[in-house]
Amino acid sequence: MTQELIEQIGVQRLRGVGPQLSQKLEKMGITTVQDLLFHLPLRYVDKTKISPIGGVQTFTSAVIEGHIKASDVVFGRRRSLVCRLQDHSGTITLRFFHFNRAQQQALQPGARLRCFGEVRRGQSGAELYHPEYQLIDGASPPTLEKTLTPVYPMSDGLAQTRIRTLCQQALDYLDNSQIRELLPRSMGVDYSLTAALQLLHRPPLETPLNLLAEGEHPAQQRLAFEELTAHHLSLLRLRQRIQRQPAPQLRFDKQEHQRFLAQLGFTLTDAQARVSRDISRDLDSTVPMLRLVQGDVGSGKTVVAALAAIQAIVNDQQAALMAPTEILSDQHRTNFENWFRPLGIRVAWLTGKLKGKARAIQLQAIADGSAQMVIGTHALFQDSVEFCRLGLTIIDEQHRFGVHQRLALRKKGSRSDLATTSSDHLPHQLIMTATPIPRTLAMSAYADLDNSIIDELPPGRTPVETLVIADLRRNDVIQRVRQACLDGRQTYWVCTLIEESDTLEAQAAEITASELQLVLPELRVALVHGRLKAGEKLDIMQRFKAGEINLLVATTVIEVGVDVPNASLMIIENAERLGLSQLHQLRGRVGRGSQRSHCVLLYSPPLSRQGSERIRTMRETNDGFKIAEKDLQLRGPGEVLGTRQTGDMQLRVADLQRDGHMLEAVKQCANSILHKHPENVDALIDRWLGNSDQYAQA
Ligand code: ADP
Ligand code: MG
C-alpha cells in the first residue's frame, strides 16, 4: 500500500477541526497537515520537572509546587489577588490582576498548588504574574510533561494549547504517512526531515535548550538550510521566467565605444573596464541581462552606465536611466548631455516636477523614439510614459528602490514594446548601487541577479579623513570651516533630524543656514533641502558646482550620488542619529577630487553604545563593504536592506546573520535542484513560502 502524502492531507482530518477552526487556520496559511508541521515553535519551556521555589531565577520559566500560606485582594494602582506560595525551600508571590470569585475562593490558605510561569522581579521580590496553575487535591498529583513544551507563534483567536494539540496530532501522521524529502540526499542533510520535525515539535528532555534557543540545534539548522534553499529557488524561478522572454541582442560597437572613451578626459580603471566587459557580453545576447553593479561611492559607476547605454543606442534601441532623486537625475542629465552631444545622441529628461508643455515634448520624444537616451526619476515608469523601443533600463542607486519597484520596471519595457510593432521583447536591466550589499545578503535578496563589483577607485583620490568632535566645540568647527572656505575649499554642512519629516528637517536646516551666514558673513552660504522647488534645488546645486557658493547647508537630500569634486570638507551635525550606510553615503560626497578631504562628525554626548560603535567604525574605515558588514551586524538584515528590499523576506527558522555561512551551499543546492530535480521546485517553494510567495507575482 502506498502511503498518503502528508502535503495532501487537509487539516479537516484532524480531531476537533471544524469549519470555524479550519477557517482560522487558513488565515494563518495552514490548510494541510504539512503546513502545521512547518508551523514551527518560536521557543520552548521546560515543564518536565518541579523546581524548588528558593532556587528559581528571574526571567526563567519554571514549574513550582507548594502550599498557599496567605491570600489577599490588594488595592494598589490596580486591584490584584496576591497569594504567597511556599515549599520546603522558600516562598514566592503569585499575582492575578484578573480573577473571579471562584478563583479567589479556590486560592485560599492551605490549598496545594502546582504553577507554571515566568519569574519576574516584582514589589515583593520574586513574583509570577498570572501563572498557569492546577490545584492538587487527593493522592495522585498531576503528571509532568515528558518533553520540552513548544511555544508557537501567537495568532488571533487561537489559544496556545489548541495549536499545540493540533501540532501533536500532525506529528502522529508522520508515523503513517509520507513527508517528501525534497533536498538531494548528498546536500548537507544529515538529519532526516521527519526526525527534525519530530524533535522541534516535541523535543526530548535531554535536548539542549540553549542550542534550541539560539537556533543552532542540528534539527533547526537542517530546516534553515531547506528554507533558505526554498527562498533561493523562488528567486531563481523568477529569473528563469523573465529570461524565457527574449531581449534585443545588442552588438558591441568598438568604434563608438572608443569614440566615447577618447573624449572622456580620463581612462577607465581596470575595475571599470572589467565590469563594462561583463555588461557588454550580457547585452550581446537575447537573454535579458539582469546585472547588479556594486561600486563604492565615487568608484565611477556613471561612466560604466553610459557605455552600456551606447551599446543599446548604436543598435537602434533606447536606453533609460532612472535615479532616485531630482538632483541626481539632473546631474546625470548634465553628464550625459556633455558626453553624448558630441556623439550625436539625443538625451531626454523626465521627472515628476516637469509639467505641461515641457513634459508633453519629452513624452513625445520618448514615444516616437527621437530621444535615444532617457534620464529621469521614477516618473519614467509611470503609465503615461511610453517608450518606442526600450532596449536597456539602468537603475541607479538601487538601494533606494524596493525589490518590487525593480521588478515592475522590467514590465515597462515589454509592455511598451507591445504597444509598438516590434515583438514582445524585454529590455536588458542594469542595476547600480553604492550601498555595498553585504555579501551574505546579496546572495539571498539578490539571487536573481548577476553581480559585478567595481572594487577600485579612480587614481589620485586621497581617502577622506574623518574627525569626531562633540558639539560643545561647534564654534571651533565653524572657525575651521571659515578658514577652509577662505582657502578655496567648498564645504557641505549637513543637518539631520530624527523625525522622518521633510518639513521639520527643512526648518532646522534653514535655521542653521541663517545662523552660519550670520557668523560667517564673508562666505557665500546657500541652503538646499527637500522642500525647495525642483528648479531651485537644481539651480543651487549648479551654482555650488560652479564654485559660486562656499558653504552649502543641506539636509540628507544630498546623500545620494551628488558629485562636486571641489568640495573637500563636510560637517555632519548629530551624526550619531544616522545609520552607518547613510553616513558612508554622505561622506562619499567629499574626497572626489585630488586634494585632501575631511569629514567632521559632530555629535551630542553622551553616545549610546550603538551610536559610538557607528562613529568609531566611520573613523576607522572608508571601505564601504566593511561598513556594510558592520551595519548588518548592528542592525540586522531587515533594517539594512529595508523591509522593502528584503521583499519582506519572512523567515521561519533561518536567520540570515546566524546562518549566513550556509548560503554558498544553499546556492549550490538550489542550482542542483533546479537542474536535476526540477519536479521538486514547486513543492519546496510551496512548503516554505506557500501562498505568500512574494516573488511569484512579480
Ligand atoms: P559613483 O560610482 O559614486 O556614481 P561617479 O560615477 O559619480 O561615481 O564618479 C565619480 C567621479 O569620478 C566623477 O567626477 C567621474 O567623472 C570621475 N571618474 C569616474 N571614473 C574615473 C576614472 N577612471 N578616472 C578618473 N575619474 C573618474
Ligand atoms: Mg552615482
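Structural data are supplied above this passage.
Attention in this report is confined to the structure presented alongside it.

About the cut-offs
- Sequence positions are assigned chain by chain, starting from 1 and proceeding in written order.
- Naming scheme: in the order in which they are written, chains are lettered from A and ligands are numbered from 1.
- Since the coordinates come from a predicted model, pLDDT governs what is reported: local features require at least 70, and pairs of side-chain atoms require 80 or more to be given and counted, while whole-chain, interface and lining totals use all residues.
- Hydrogens are left out, water is left out, and the side-chain values use all remaining heavy atoms of the structure.
- Secondary structure elements are defined from DSSP: runs of H or I of at least 4 residues count as helices, runs of E of at least 2 residues count as strands, and each element is numbered from the N terminus.
- Exposed residues in this analysis have more than 50% of their type's maximum accessible area, buried residues have under 20%, and partly exposed residues fall in between, with area computed by a 1.4 Å probe over protein chains only.
- Contacts are residue-level and defined by heavy atoms, with any inter-residue pair within 4.5 Å sufficient.
- We define the nonpolar core as a collection of buried residues of types Ala, Val, Leu, Ile, Met, Phe, Trp, Tyr and Cys that are connected through side-chain atoms lying within 4.5 Å of one another.
- If even one non-hydrogen atom of a residue comes within 4 Å of a molecule or strand, that residue is called near it.
- Counting of polar contacts relies on pairs of N or O atoms within 3.5 Å, with two restrictions inside protein: one atom must be capable of donating a hydrogen and the other of accepting it, and residues adjacent in sequence are counted only when both atoms are side-chain atoms.
- Only the protein chains shown count as cover for residues, and all accessible areas are computed by the Shrake-Rupley method using a 1.4 Å probe.
- Think of it as three bins: nonpolar holds Ala, Val, Leu, Ile, Met, Phe, Trp, Tyr, Cys and Pro, charged holds Asp, Glu, Lys and Arg, and polar takes everything else, Gly as well.
- When two rings of Phe, Tyr or Trp (its six-membered ring) have centres within 6.5 Å they constitute a pair, described as stacked for plane angles under 30 degrees, edge-to-face for angles over 60, and tilted for the intermediate range.
- Criterion for a charge above a ring: Lys NZ or Arg CZ within 6 Å of the ring centre, and within 35 degrees of the ring normal.
- Any two strands are treated as partners once DSSP identifies two or more bridges connecting them.
- All axes here are fitted lines through C-alpha atoms, helices being fitted over the stretch that makes contact, and every angle between N-to-C directions spans 0 to 180 degrees.
- A pair is scored as a salt bridge if a Lys or Arg side-chain nitrogen falls within 4 Å of a carboxyl oxygen belonging to Asp or Glu.
- Multiplying one less than the number of residues by 1.5 Å gives the expected span of a helix.
- Points on a 1 Å grid, built from protein atoms alone, make a cavity when a 1.4 Å probe fits but cannot get out and make a pocket when they are open with protein on both sides within 12 Å along at least 5 of 7 lines; residues with an atom within 4 Å of a point are the lining residues.
- Grid points are joined across faces, edges and corners, and a volume is the space filled by probe spheres set on the points.

## Description of the environment of Met 618
One can find Met 618 in helix α19 (residues 609–620). The class for Met 618 is buried, based on a relative accessible area of 0%. Met 618 has contacts with Thr 466, Leu 580, Leu 583, His 584, Arg 587, Leu 601 and Ile 627, leaving out every residue within four places of it along the chain.

## Side note on the nonpolar core
The biggest cluster of nonpolar side chains holds 69 residues, and the ones touching the most others in it are Phe 260, Phe 340, Met 373, Tyr 492, Ile 558 and Ile 572. Here this core gets 10 residues from one element, more than from any other, and that element is helix α10 (residues 301–314). The residues touching Ile 558, leaving out its near neighbours within four places in the chain, are Tyr 492, Val 494, Val 528, Met 541, Met 570, Leu 586 and Arg 589. Leu 223, Val 653, Val 681 and Leu 689 belong to the second largest nonpolar core, which has 57 residues in total.

## Regarding the site of ligand 1
For ligand 1, the set of nearby residues contains 16 residues, the closest of which are Gly 298, Lys 301, Thr 302, Arg 461 and Asp 563. Contacts to ligand 1 include Gln 272, whose side-chain N or O atom sits 2.9 Å from a nitrogen atom. Within the contact set of ligand 1, an oxygen atom lies 2.7 Å away from a side-chain nitrogen or oxygen of Lys 301. Its free accessible area being 560 Å², ligand 1 has 86% of it covered by the protein chains. Broken down by class, the residue content of the shell around ligand 1 amounts to 4 nonpolar, 7 polar and 5 charged.

## Focus on the packing of aromatic side chains
How two aromatic rings sit relative to each other is given by the distance of their centres and the angle of their planes. Tallied over the entire structure, the rule returns 8 aromatic pairs. Measuring from centroid to centroid gives 6.0 Å for Phe 97 and Tyr 129, while their planes differ by 45°, and the two rings are tilted. Of the two residues, Phe 97 sits in the loop between β4 (90–96) and α3 (101–106) while Tyr 129 sits in strand β6 (residues 125–129), which places them 32 residues apart along the sequence. In this structure Phe 97 comes out as partly exposed when scored by relative accessible area, which is 25%. An aromatic cluster is defined as three or more aromatic residues linked by ring pairs; in this entry it consists of Phe 260, Phe 336, Trp 339 and Phe 340. Just above the ring of Phe 116 sits the side chain of Lys 47; from NZ or CZ to the centre is 4.7 Å. For the cation-ring pair, Arg 78 lies above Phe 97, with the distance from its terminal atom to the ring centre recorded as 4.4 Å.

## Here we look at the sheet that holds strand β14 (residues 428–433)
Reading across the sheet, the 7 strands line up as β11-β12-β10-β13-β14-β9-β15 and stay open at both edges, with parallel pairing between neighbours. Edge strands, defined here as strands with exactly one partner in the open sheet, are β11 (347–350) and β15 (450–454). Adjacent strand axes in the sheet meet at a mean angle of 20° when their direction is disregarded. The pairing of strand β9 (residues 290–295) with β14 spans 5 bridges and is classified as parallel. Opposite Leu 292, over in β14, you have Ile 431 as the bridge partner. Sitting on the sheet, helix α11 (residues 326–340) is in contact with β10 (318–322), β11 and β12 (373–376), with an inclination near 160° to β12.

## What to know about the environment of Ala 70
With respect to the secondary-structure elements, Ala 70 resides in strand β2 (residues 61–75). Beyond its immediate chain neighbours, meaning those up to four positions away, Ala 70 contacts Val 82, Cys 83, Arg 84 and Pro 109.

## Focus: the side chain of His 39
Along the polypeptide, His 39 turns up in the loop between α2 (33–37) and β1 (43–45). The residues touching His 39, leaving out its near neighbours within four places in the chain, are Met 28, Ile 30, Tyr 152, Pro 153, Ile 163, Cys 167, His 201 and Arg 652.

## Let's talk about the pattern of salt bridges
Pairing is possible between side chains of opposite charge, provided their charged atoms come close. Evaluation of the coordinates by the stated rule reveals 34 salt bridges. Salt-bridge contacts for Arg 222 lead to Glu 181; the nearest nitrogen and oxygen are separated by 2.7 Å. Taken together, the residues span a long stretch of sequence, with Arg 222 in helix α7 (residues 218–244) and Glu 181 in the loop between α4 (160–176) and α5 (193–201) at a distance of 41 residues. Given a relative accessible area of 2%, Arg 222 falls into the buried group. Residue Arg 251 is joined to Asp 284 by a salt bridge in which the shortest nitrogen-to-oxygen separation is 3.3 Å. You can see Arg 251 sitting in the loop between α7 and α8 (254–262) and its partner Asp 284 sitting in the loop between α9 (270–283) and β9, a full 33 residues away along the chain. Classification of Arg 251 as partly exposed rests on a relative accessible area of 48%. One connected set of salt bridges, linked through shared partners, spans Glu 181, Arg 222, Glu 226 and Arg 687.

## Comments concerning helix α22 (residues 663–676)
Every α-helix carries 3.6 residues per turn, so stepping three or four residues along brings you back to the same face. For α22, spanning 14 residues, the distance from its first C-alpha to its last is 19 Å, which sits close to the expected 20 Å at 1.5 Å a residue. Buried within α22 are the following residues: Leu 663, Val 666, Cys 669, Ala 670, Ser 672, Ile 673 and Leu 674.

## Digging into the pairing of strand β3 (residues 79–87)
With 8 bridges connecting them, β2 and β3 associate as antiparallel partners. Note that in β3 the partner of Ile 68 across the bridge is Leu 85. Once β2 ends, the chain turns through 3 residues before running back antiparallel as β3. As paired strands, β3 and β4 are joined by 7 bridges and run antiparallel to one another. Note that in β4 the partner of Val 82 across the bridge is Arg 95. The hairpin formed by β3 and β4 contains 2 residues between the paired strands.

## So, the sheet that holds strand β19 (residues 551–554)
Read from one edge to the other, the open sheet built from 6 strands follows the order β16-β21-β20-β17-β19-β18, with strand pairing classed as parallel. Of all strands in the sheet, those with a lone pairing partner are β16 (465–470) and β18 (525–528), marking the two edges. Strand-to-strand twist across the sheet, computed as the mean angle between neighbouring axes with direction ignored, equals 20°. Examined bridge by bridge, strand β17 (residues 490–494) and β19 share 4 bridges and lie parallel to one another.

## With respect to empty space enclosed by the protein
It is the rolling of a water-molecule-sized probe over the atoms that shows where space remains empty. Under the defined criterion, the tally for this structure stands at 5 cavities of 30 Å³ or more. Volume-wise, the largest cavity comes out at about 90 Å³. Contributing to the lining of the largest cavity are 13 residues, with Phe 252, His 257, Leu 307, Ala 308 and Gln 311 lying nearest its centre. For the lining of the largest cavity, the elements supplying multiple residues, two or more each, are α8, α9 and α10. Per-element accounting of the lining of the largest cavity gives the leading share, 6 residues, to α10.

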